[in-house]
Amino acid sequence: MEVNEFYREWLTRSGFVECESTQNFSPAGKLYLAPKELACGYYWVYGEKDLFDIKIHDFYFFEDHFISLTTPECLSITYYDSVSGEELTPYRRLTAGCVKTFHGGHALYQSIMHKNIPIRSVGIEVFPAYYEKYLRESYPDDYLPPNEAFRRIGQTLDFPEMSRLLRQVWEYNGEGIPAKLFYEAKVAEAVSLVYEHGKHSQNILSAKISKQDRDALCNVTSYIHDHFNSALPLDTLARIACMGTTKLKTSFKHVYQRTISEYIQERRMSHAEMLLSSTDLTVDQVASAVGYSNAGRFAANFKNNTGLFPSEYRKMARRK
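First things first, this report covers the structure right here in the doc. (Residues numbered from 1 in each chain as written. Predicted model: local features only at pLDDT ≥ 70, side-chain atom pairs only at ≥ 80, totals over all residues. Heavy atoms only, no water.)

**Focus: the pairing of strand β9 (residues 99-104)**
Counting buried positions along β9 yields 5 of 6 residues, so the element is predominantly enclosed. Bridge analysis of strand β6 (residues 74-82) against β9 gives 6 bridges, and the strand direction is antiparallel. Along β9, the bridge assignment pairs C74 with G104. Relative to strand β12 (residues 155-156), β9 runs antiparallel, the two sharing 2 bridges. Bridge pairing in β12 places V99 opposite T156. (Buried < 20%, exposed > 50% of the residue type's maximum accessible area, 1.4 Å probe, protein only. Helix = DSSP H or I, 4+ residues; strand = E, 2+ residues; numbered from the N terminus. Pairing = 2+ DSSP bridges.)

Put into structure tokens, the structure is as follows:
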């Protein structure tokens, strides 16, 4: 089945309605209006046969929304401009400004998107006909499966080249042959960047991490969950893990695909979202409650994580 037909069936079944393109979206793709009883906004898709697609999300749900679906086999990479939610398999908080990869078709995809907060993202999916057939036939002497390169990216805030490329894709508004050539070129460029990123990123640990060390890391994350709003010196966490600080940092990054600082900040931001949406604490009080002595720094970090300032988040989360 071609990509456009697959998404037409899936989106229609999910309550989305195909509509006329607006000036904010390229007429080369198909635009769908979100189901009015569940959400507000648009879902845009451009598909090229069974090779690849480009998707733009620009909508929000009226209530916290649980997503559970079986995805086709594909390799995807997405940039989030605004988001508030968590993926569940495996668990990871979605962060505004991040670039995230996903290998579809192997497990049920599950996530929770928080109510009233815009999901603004742009992503590219390439399918086996592209990365197992087209690339192999086009570059038989140099071909390497891109699966591992995609996996190594995981979720990162440090891939500016990909962020720029995907924002360019979002902003493009052409049609006809120019649009086809533009999207084809951007997909090839994105895959090239993934290969290059994977080539330069080394495995953090070459050896497997022992069960004893994994259990020690679980102790560290449990401690972080209970004390995220306090100072968490690396030396203290290293003593809890019975590791040196260098081994702790590299082991943690290898297992959780993020640094300890990023993990702590994710925990703080998740709790801040709950406080902003369900209490009347001031922004200064929320900042203090999640471990920030400086409300300005908290607001800046919150904006980086969700795409919204705390006051904007509270206003959107409470809208009817």
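**Points about the environment of Y91**
Locating Y91 in the fold gives a position in strand β8 (residues 91-94). When the C-alpha positions of Y91 and S111 are compared, they lie 8.6 Å apart, and in sequence the two are 20 residues distant. What Y91 contacts, discounting residues up to four positions off in sequence, is E86 and R258. (Contact = heavy atoms within 4.5 Å.)

**Re the sheet that holds strand β3 (residues 39-48)**
Sheet architecture is open: 8 strands sit in the order β1-β2-β3-β4-β11-β6-β9-β12, paired in antiparallel fashion. Across the chains shown, the open sheet's two edge strands, defined by having one partner strand only, are β1 (17-19) and β12. In terms of strand pairing, β6 meets strand β11 (residues 119-126) through 7 bridges, oriented antiparallel. Paired with I77 across the strands is I124, a residue of β11. The strands that helix α1 (residues 3-13) touches are β1, β2 (30-33), β3, β4 (52-61) and β11; relative to β3, the one it contacts most, it runs at about 160°. (Axes fitted to C-alpha atoms, helices over the stretch in contact; angles between N-to-C directions.)

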